[in-house]
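Fold and contact review
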Amino acid sequence: MCCADGAVIVRSSAHVWHNDGMHQSADEHHSEHDSPDQATEHTVPHGRGVAELTDIAWIVMPLYNEGAVVADVIRRLRQTFPHVVAVNDGSTDDSAATARAAGAVVVDHPLNLGQGAALQTGITWVLTYTDAKYLVTFDADGQHRPEDALRMVERAEKEDLAFVLGSRFLNGKAQAGAVKHAVLATAARVTRVKTGMRLTDSHNGLRVLRRDAAARLHITQNRMAHAGQIINQLAAMNLPWAEEAVTIDYTEYSKAKGQSLLNGVNILTEEFFAPKHE
C-alpha cells in the first residue's frame, strides 16, 4: 500500500510488513494480558462475546509527539482491543518506535500533516488491509478510556448503529474548564443547527464507526476543522447513530500540553463558517 503520505506497507493474510522492514504476525496483535474470561462478563446480541467483538474492531490512533505516554495507552488498550494502528504524524520524538514496541501497527507520515490527515490515513489502512467491522478513533494522549470504547462498540453491535459518538457532557457532568466547556457547548449547538443531529459534544475524538460509514468518510480538513467535517459527513449519510456518555481524563500530562484560547476561537470560527455538508 502507498498511503497519501508516501508510507509503504504491504500486508499478507498472516503478517503485516512495515516500510522499515519490521513485520508482525496477526497473532502477535493479541496482548498477553487478554483475558478470555471477559467474554463471560459482557455479551451482546448476535452471539458475539467481548473477545469476538473486539477482534472485528480496529483502533485508529493519530500519533504526534506522545512518546512519553503512548506505550501505556496502547498496552492498556490492547488488554481489550488487540488491533491498533497508530499513524505517526511526523513525530520528532520516539513515538513511532514506542508505539510499535507496545504492539501497535505503525504507519508513518514523513511530515506533520495534522490529526485529520492522520485519521484518514488510518481509516484507509484499516479498510484496505483488514475486514474490520468497526473502527474506533482513539487519542494517543491517555484522555480516553478503553472501557468506554468497548461499551460504544457493544452498543453499535446491539442496536445495529452505523456510528456511536462519545460525549463528555451527556451525563451532565462537566469534565472541562469553564472556558473550554463554553466553547465546546457552543460548537455543539452550532452543529445541531447545521446538521439536525442532537449532539452534546461535537469535538470528541472517541468515535465508533461501522465499516460502511467509515468507507464514506473523506476527511480533507487536516487540522482542527476535521472534527466538524466528520460530523457533517456522518449527518449527510442518514444512518442510525447514537451518542454515548464517556469520561475524558484530563491528566497532568494532557493539561500541561494545554489548549490555547486561540484554539477555542478557531473551533468556533470553523463551526460557524464551514459548509453544512462537506
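In the block above lies the structure referred to throughout.
Quick look at the structure, then. Values in this document were obtained by computation on a predicted structure and should not be read as measured data.

**Some details on the overall build of the protein chain**
- A tally of regular secondary structure across the protein chain gives 11 helices and 12 strands.
- Counting across all 278 residues of the protein chain, residues that qualify as buried make up 54%.
- The contacts in the protein chain between residues at least 6 apart in sequence include a share of 75% that link residues at least 24 apart.
- Accessible surface, the protein chain as shown: approximately 12,200 Å² in total, 53% of it carbon and sulfur.

**Re the environment of Glu147**
- As for its placement among the helices and strands, Glu147 is situated in helix H6 (residues 146-159).
- A sequence separation of 99 residues divides Glu147 from Val246, and the C-alpha atoms of the two residues are 9.2 Å apart.

**Here we look at the packing of aromatic side chains**
- Per the stated rule, a full pass over the model turns up 3 aromatic pairs.
- Ring geometry for Trp125 against Tyr129: centres 5.8 Å apart, planes inclined by 45 degrees, an arrangement best described as tilted. Remark: Tyr129 and Trp125 occur in helix H5 (residues 115-129); sequence separation between them is 4 residues, near one turn of the helix.
- Given a relative accessible area of 0%, Trp125 falls into the buried group.
- On the numbers, 6.0 Å between centres and 10 degrees between planes, the contact of Phe163 with Trp241 is stacked. Here Phe163 is found in strand E10 (residues 163-167), whereas its partner Trp241 is found in strand E12 (residues 241-245), with 78 residues between them in sequence.
- Relative accessible area serves as the criterion here: at 0%, Phe163 is assigned to the buried category.

**Describing H6**
- When the terminal C-alpha atoms of H6 are compared, their 20 Å separation across 14 residues agrees well with the 20 Å that a helix rising 1.5 Å per residue should span.
- Listed as buried for H6 are Pro146, Asp148, Ala149, Leu150, Met152, Val153, Glu154, Ala156 and Glu157.
- In the segment just after H6, Asp160 is the residue with positive phi, at about 55 degrees.

**Comments concerning the side chain of Glu244**
- Considering the arrangement of structural elements, one finds Glu244 in strand E12.
- Contact partners of Glu244, with chain neighbours within four places excluded, come to Arg151, Met152, Arg155, Val164, Leu165, Gly166, Ser167 and Leu170.

**A closer look at the nonpolar core**
- Counting 35 residues, the largest nonpolar core has Ile59, Met61, Phe81, Ala99, Tyr134, Phe138 and Val208 as its most contacted members.
- Contributions of two or more residues to this core are made by helix H2 (50-55), strand E6 (57-63), helix H3 (70-78), strand E7 (84-89), helix H4 (95-101), strand E9 (134-137) and H6.
- In this structure, Met61 is in contact with Val70, Val73, Ile74, Leu77, Val85, Ala86, Val87, Phe138, Asp139 and Ala140, ignoring residues within four places of it in sequence.
- Val126, Tyr129, Ala162 and Ile230 belong to the second-largest nonpolar core, a separate cluster that totals 28 residues.

**Digging into the side chain of Thr137**
- By the element assignment, Thr137 lies in strand E9.
- Exposure remark for Thr137: the relative accessible area of 2% places this residue in the buried category.
- Within the structure, Thr137 has its side chain in polar contact with the backbone oxygen of Gly205 (distance 2.7 Å).
- Excluding its chain neighbours within four sequence positions, the residues that come into contact with Thr137 are Val60, Leu119, Gly205, Leu206 and Arg207.

**Side note on the sheet that holds E10**
- Spatial ordering of the open sheet is given by E8-E7-E6-E9-E11-E10-E12, a layout of 7 strands whose pairing is mixed. Edge positions in the sheet fall to strand E8 (105-109) and E12, since each of these pairs with one other strand and no more. Taken pair by pair, the neighbouring strands of this sheet meet at an average axis angle of 20 degrees, ignoring direction.
- In terms of strand pairing, E10 meets E12 through 5 bridges, oriented parallel. Counterpart to Leu165 in the pairing with E12 is Glu243.
- In the packing of H5 onto the sheet, contacts are made with E6, E7, E8, E9 and strand E11 (207-210), and the angle to E6 comes to roughly 150 degrees.
- This element, H6, spans E9, E10, E11 and E12 of the sheet and lies at about 150 degrees to E12.

Conventions used here
- Numbers given to residues run from 1 along each chain, matching the order in which its sequence is written.
- This being a predicted model, a pLDDT of at least 70 is required before a residue's local features are given, and a value of 80 or more before pairs of side-chain atoms are given or counted; all residues contribute to the totals for chains, interfaces and linings.
- Just so you know, side-chain values use all the structure's heavy atoms and leave hydrogens and water out.
- We count a stretch as a helix when DSSP gives it H or I for four or more residues in a row; a strand needs E for two or more, and each element gets its number in order from the N terminus.
- Whether a residue is buried, partly exposed or exposed follows from its accessible area with a 1.4 Å probe, protein chains only, as a fraction of its type maximum: under 20%, in between, or over 50%, in that order.
- Only heavy atoms matter for contacts: two residues are in contact if any of them lie within 4.5 Å across the pair.
- Each accessible area value is a Shrake-Rupley result obtained with a 1.4 Å probe; residue values ignore everything except the protein chains displayed when judging cover.
- The criterion for an aromatic pair is that two Phe, Tyr or Trp rings (for Trp, the six-membered ring) have centres within 6.5 Å, with stacked assigned to planes under 30 degrees apart, edge-to-face to planes over 60 apart and tilted to the rest.
- The span expected for a helix works out to 1.5 Å for each residue beyond the first.
- We call a set of buried residues a nonpolar core when its members are Ala, Val, Leu, Ile, Met, Phe, Trp, Tyr or Cys and they connect through side-chain atoms within 4.5 Å of each other.
- Identification of polar contacts relies on pairs of N or O atoms within 3.5 Å, with a donor-acceptor requirement for protein atoms, meaning one able to donate a hydrogen and the other able to accept it, and with residues adjacent in sequence counted only if both atoms are side-chain atoms.
- Two strands make a pair as long as DSSP finds a minimum of two bridges between them.
- Axis definition: a line fitted to C-alpha atoms, limited for helices to the stretch in contact. Angles are taken between N-to-C directions and run from 0 to 180 degrees.

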